[in-house]
Amino acid sequence: APEAGTQRMRDVINKNITEEDVIQSCSVAFSEGWSGMKMYFMIGLPTETDEDVKGIAELGRKVRELGQKEFRKSVRVTCSASYFVPKPHTPFQWCRQEEVEQVKRKQRMLKELGRRYRLDVKVHHAETSLLEGIISRGDRNLCKVIERAWRMGCRFDGWTDHFDFDKWMKAFEVEGVDIQPYLKEFPVKEFDKPGAPLVQLPWDHIDTLVKREFNAREYIKGIKAKISPPCELPVKIINGRPTAIAPSSEEFERVASQPLLCYACGMECDLELSRKHLERAVALHKEVRSYEDRISAIKEEGIDRPLVQLTSSVEADSERRAEATLNRYRAVFEKGERIKYLSHLDLTRQLPRAFRRAKITLGYSQGFHPMPLIQYGPALGVGVVGEREMIDFDSPDLLEEAEFLDRINSRMPEGLRFISLAKLPAGSPSLIKVINRAEYSLPLGAPEIRTALSRIRNEREGLSGLEDEEIQARLADEFLRRESWVIERVRKDKRQRVDVRRYTLGLGLSEDRASLRIVTEISPSGGVKPVEVVAAIYGLGGDDTVSLSSRVRRIRLYRDEAADPASLTGHTGDAGGASEHASLAARSLAGD
Ligand code: SF4
């Protein structure tokens, strides 16, 4: 993340790296086998000129040429440029935010240069960043605007496909709040004289321990492109620049006894303790092969091992892995209401942590980046409760179900809970190969469905005298009798036609007639979301399907041994519903 394309601009933001540092880091990455490089920059930084924006493309070009000429690689370089947003409690909290039109012009210029230099240029959505800037440095006057925007339907504004800039601007207009004061430069002092007090900012009542005066000093230094090397390290002038010497540097031992740099920012660090940490860091770095060693090793032996790897841990890890005999387990867990908005990706981070905290050892893959051996079932949609989700995992431990549940559940966050554990025989097929069905439930009392039902009752003849349940059963029956039902799925401006009927294997009312049960096929060729089926049956629009998604529950995942779609398609929604029908054809998985 060089953040800026020219040295002057990097000095303004006190990035404390030079172009040489960037080139050296890239050459390490190229030498380690990487051929794609993604670099992060910002546009709209304080004092930025067009030359600084051109510098982004120039740096990208140099990196691409480095890969091609020095390492003979077909290199792909991506320059990702976000739109600078001044943030409270930082030295740039007083800066103005550059106008959207200026930033868009610079984005176009960068894209044009990217085409010329064969770089992949990515830029951020300018209007989203503008709103972020207004709210970042906002005061309590914005409360009413945020509430108004919410009442006007603004939701999930971090997702560009949901973000509606015009609606937000309308909310500002309705509440009579001008956006310009939040975007302009804020005065630093009450009046322009030495010793004048600082102007009170809306967030100054929040104490981050860093003094406002320190931020003001850093702001003035930044605008003048004067750098402040990182604190808690000794400093040396190198090539005319004050440079903090890190424990990884060969210079370190020569300057180790010097006082450590401190700006008295307000954090009041214990510099004696900092010195002890540095001594420990030096000892660790002595174990790591140097950049020069690595380059000469590559020339002699070819690329074999990563540069930064502690020799002691490499040996210990490989010995441990070679010795361990792994057992495979299948565990069932619940992802409840409280945590249903946790994404699948976050879940894959959460579970290994819970295992570690519960001191249950996981098996790890081999190679440069060992990963915990956990296989996850089909991803659950964000906002959907999962009653019986599944994972397979490998562990050298011999685990008993009761003890496993006790240990892991005491370490799980609220809303996530393991239900069962079974040890799998050697050679068992993986979870993803075993599961081919998912069963969902959706409450028929949901307001979206009730509104749709009364509309259907009014629109269609012959329904006026019928009970709600009878109409629901008829609608399900009509859907199942169709051979296909194609909908248009829109995702990130891409439109795709999907036959929702093809993937719907069962549909009917639950035994208590309070919910709709849907059985869908899980296959490598695709699938369907339960809300898409419901939207098709009840003719629901976009907003209704979004809110309805958070009422869906995935009851279970299972395997239908017959895997014969026809075995469920004839179902007409009798009492007992699709789940009963499905369960006849299904073999429960271990622990289910
Ligand atoms: S107090 Fe701590 S954080 Fe602040 S400048 Fe000194 S060493 Fe750095």
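All values derive from a computational prediction rather than experimental measurement.

Points about the packing of helix α6 (residues 142-151) against helix α7 (residues 165-174)
Two packed helices can be described by the angle between their axes and the distance between those axes.
Then, number 1: In the contact formed by α6 and α7, the axes pass within 9 Å of each other and the chain directions differ by 130 degrees. Looking at the two axes, α6 sits oblique to α7. The handedness of the crossing between α6 and α7 is right-handed. Side by side, α6 and α7 meet where Leu142, Val145, Ile146, Arg148 and Ala149 of the first sit next to Trp168, Ala171, Phe172 and Val174 of the second.
Then, number 2: Partitioning the contact of α6 with α7 into residue classes produces eight nonpolar, no polar and one charged.

Some remarks on helix α15 (residues 401-409)
Then, number 1: Of the positions making up α15, those classed as buried are Phe404, Leu405 and Ile408. The buried residues of α15 all sit within an arc of 95 degrees when viewed along its axis, so they share a single face. Turned more than 90 degrees off the buried face of α15, the exposed positions are Ala402 and Asp406.
Then, number 2: Packed against the buried residues of α15 are β6 (327-335), α14 (344-357), β8 (385-395) and β9 (416-423).

Re the packing of helix α18 (residues 468-481) against helix α19 (residues 530-538)
Then, number 1: At a minimum axis distance of 10 Å, the contact between α18 and α19 shows a crossing angle of 105 degrees. Classified by the angle between their axes, α18 and α19 sit roughly perpendicular to one another. Side by side, α18 and α19 meet where Gln472, Leu475 and Phe479 of the first sit next to Val533, Ala536, Ile537 and Tyr538 of the second.
Then, number 2: Considering only residue class, the contact of α18 with α19 consists of six nonpolar, one polar and no charged.

Side note on the site of the ligand
Then, number 1: Every residue lining the ligand is accounted for by Cys231, Glu232, Cys262, Tyr263, Ala264, Cys265, Met267, Glu268, Cys269 and Leu271.
Then, number 2: When its residues are assigned to classes, the shell around the ligand shows eight nonpolar, no polar and two charged.

Points about the sheet that holds strand β1 (residues 36-43)
Then, number 1: Reading across from one edge, β1-β2-β3 is the order of the three strands in this open sheet, with parallel pairing throughout. Of all the strands in the sheet, the pair left with one neighbour each is β1 and β3 (120-123). Here the strands of the sheet are splayed against their neighbours by 20 degrees on average, with no regard to which way each runs.
Then, number 2: In this structure, β1 lies alongside strand β2 (residues 76-83), joined through eight bridges in parallel fashion. Considered in β2, the bridge of methionine 42 is made with serine 82.
Then, number 3: Helix α3 (residues 50-71) rests against β1 and β2 of the sheet, and its axis sits at about 170 degrees to β1.
Then, number 4: Helix α4 (residues 100-116) contacts β1, β2 and β3 of the sheet and is inclined by roughly 165 degrees relative to β3.

As for the pairing of β3
Then, number 1: Where β2 and β3 come together, four bridges link them in parallel fashion. Across the sheet, serine 80 pairs through a bridge with lysine 122, a residue of β3.

Points about the nonpolar core
Then, number 1: Met37, Met39, Val77, Leu110, Ile134 and Phe172 are the most contacted members of the largest nonpolar core, which has 44 residues in total.
Then, number 2: When residues in this core are grouped by element, the largest group, six residues, is from α3.
Then, number 3: Grouped together as the second largest cluster of nonpolar side chains are 43 residues, Leu442, Leu466, Leu516 and Val552 included.

Side note on the confidence of the model for the protein chain
Then, number 1: Confidence in the prediction for the protein chain averages 87 pLDDT; 88% of positions are at 70 or higher.
Then, number 2: Overall, residues 306-314 carries pLDDT values under 50, and its contacts beyond four positions in sequence, including any with other chains, amount to 18 contacts.
Then, number 3: Overall, residues 564-592 carries pLDDT values under 50, and its contacts beyond four positions in sequence, including any with other chains, amount to 72 contacts.

What about the side chain of aspartate 499?
Then, number 1: If you trace the backbone, aspartate 499 turns up in strand β12 (residues 494-499).
Then, number 2: No salt bridge is formed by the buried aspartate 499; its nearest oppositely charged neighbour, arginine 502, is found at 6.2 Å.
Then, number 3: From its side chain, aspartate 499 meets the backbone nitrogen of tryptophan 485 in a polar contact 2.9 Å long.
Then, number 4: For aspartate 499, the side chain forms a polar contact with the main-chain nitrogen of arginine 501, separated by 3.1 Å.
Then, number 5: Ignoring anything within four residues of it in the chain, the contact list for aspartate 499 reads Glu483, Ser484, Trp485 and Val486.

Examining the pattern of salt bridges
Then, number 1: Inspection of every chain in the model, using the stated rule, returns 44 salt bridges.
Then, number 2: Across the pair arginine 407 and glutamate 403 runs a salt bridge whose closest N-O atoms are separated by 2.9 Å. Of this pair, arginine 407 and glutamate 403 both sit in helix α15, four residues apart, which is roughly one turn of the helix.
Then, number 3: On the basis of relative accessible area, arginine 407 is assigned to the partly exposed category, the value being 27%.
Then, number 4: In this structure, the salt-bridge partner of arginine 517 is glutamate 439, at a minimum N-O distance of 3.4 Å. Of this pair, arginine 517 sits in strand β14 (residues 515-521) while glutamate 439 sits in strand β10 (residues 437-443), and the two are 78 residues apart along the sequence.
Then, number 5: By relative accessible area, which is 1% here, glutamate 439 ends up buried.
Then, number 6: Here the residues in one salt-bridge network are Glu337, Lys340, Glu387 and Arg553, joined through shared partners.

Considerations on the pairing of β12
Then, number 1: Bridge count between strand β11 (residues 486-491) and β12: six bridges; the pairing is antiparallel. What sits directly across from valine 490, in β12, is arginine 495.
Then, number 2: What sits between the antiparallel neighbours β11 and β12 is a turn of two residues, in which lysine 492 has the positive phi angle 50 degrees.

Structural notes on a positive patch on the surface
Then, number 1: Positive charge collects at one region of the surface, where Arg353, Arg356, Arg357, Lys359 and Arg411 lie side by side.
Then, number 2: Mapped onto the elements, lysine 359 comes out in the loop between α14 and β7 (374-376).

Concerning the environment of glycine 541
Then, number 1: Relative to the elements of secondary structure, glycine 541 occurs in the loop between α19 and α20 (542-549).
Then, number 2: For glycine 541, a relative accessible area of 37% corresponds to the partly exposed category.
Then, number 3: For the pair glycine 541 and glutamate 448, spaced 93 residues apart in sequence, the C-alpha separation works out to 9.8 Å.

Details of the packing of aromatic side chains
Then, number 1: Scanning all chains against the criterion turns up 15 aromatic pairs.
Then, number 2: Centre to centre, the rings of phenylalanine 156 and tryptophan 159 are 4.8 Å apart; their planes meet at 10 degrees, and the pair counts as stacked.
Then, number 3: Seen from their ring centres, phenylalanine 163 and phenylalanine 165 are 6.3 Å apart, and the 45 degrees between their planes marks the pair as tilted. Grouping residues by exposure puts phenylalanine 163 and phenylalanine 165 together as buried.
Then, number 4: An aromatic cluster of at least three residues, connected via ring pairs, comprises Tyr329, Phe333, Phe355, Phe393, Phe404 and Phe418.
Then, number 5: Positioned over the ring face of tyrosine 117 is arginine 61, at 5.5 Å from the centre of the ring.
Then, number 6: Across the ring face of phenylalanine 186, the terminal group of arginine 137 is positioned such that the distance to the ring centre comes to 4.0 Å.

Parameters and conventions
- Residues numbered from 1 in each chain as written.
- Predicted model: local features only at pLDDT ≥ 70, side-chain atom pairs only at ≥ 80, totals over all residues.
- Heavy atoms only, no water.
- Axes fitted to C-alpha atoms, helices over the stretch in contact; angles between N-to-C directions.
- Helix = DSSP H or I, 4+ residues; strand = E, 2+ residues; numbered from the N terminus.
- Parallel < 35°, antiparallel > 145°, perpendicular 65-115°, else oblique.
- Left-handed = near helix turned anticlockwise from the far one by under 90°.
- Contact = heavy atoms within 4.5 Å.
- Nonpolar A, V, L, I, M, F, W, Y, C, P; charged D, E, K, R; others polar.
- Buried < 20%, exposed > 50% of the residue type's maximum accessible area, 1.4 Å probe, protein only.
- Arc of directions from axis to C-beta.
- Near = heavy atom within 4 Å.
- Pairing = 2+ DSSP bridges.
- Core = buried A, V, L, I, M, F, W, Y, C linked by side-chain atoms within 4.5 Å.
- pLDDT = per-residue confidence, 0-100.
- Lys, Arg positive; Asp, Glu negative; His and termini not counted.
- Salt bridge = Lys/Arg side-chain N within 4 Å of Asp/Glu carboxyl O.
- Polar contact = N/O pair within 3.5 Å; in protein donor to acceptor, adjacent residues only side chain to side chain.
- Patch = residues over 30% accessible without salt bridge, like charges linked within 9 Å, V, L, I, M, F, W, Y side chains within 5 Å.
- Areas by Shrake-Rupley, 256 points an atom, 1.4 Å probe, with all protein chains shown as cover.
- Charge placed at Lys NZ, Arg CZ, Asp CG, Glu CD.
- Phe/Tyr/Trp six-rings, centres within 6.5 Å; stacked < 30°, edge-to-face > 60°.
- Lys NZ or Arg CZ within 6 Å of the ring centre and 35° of its normal.

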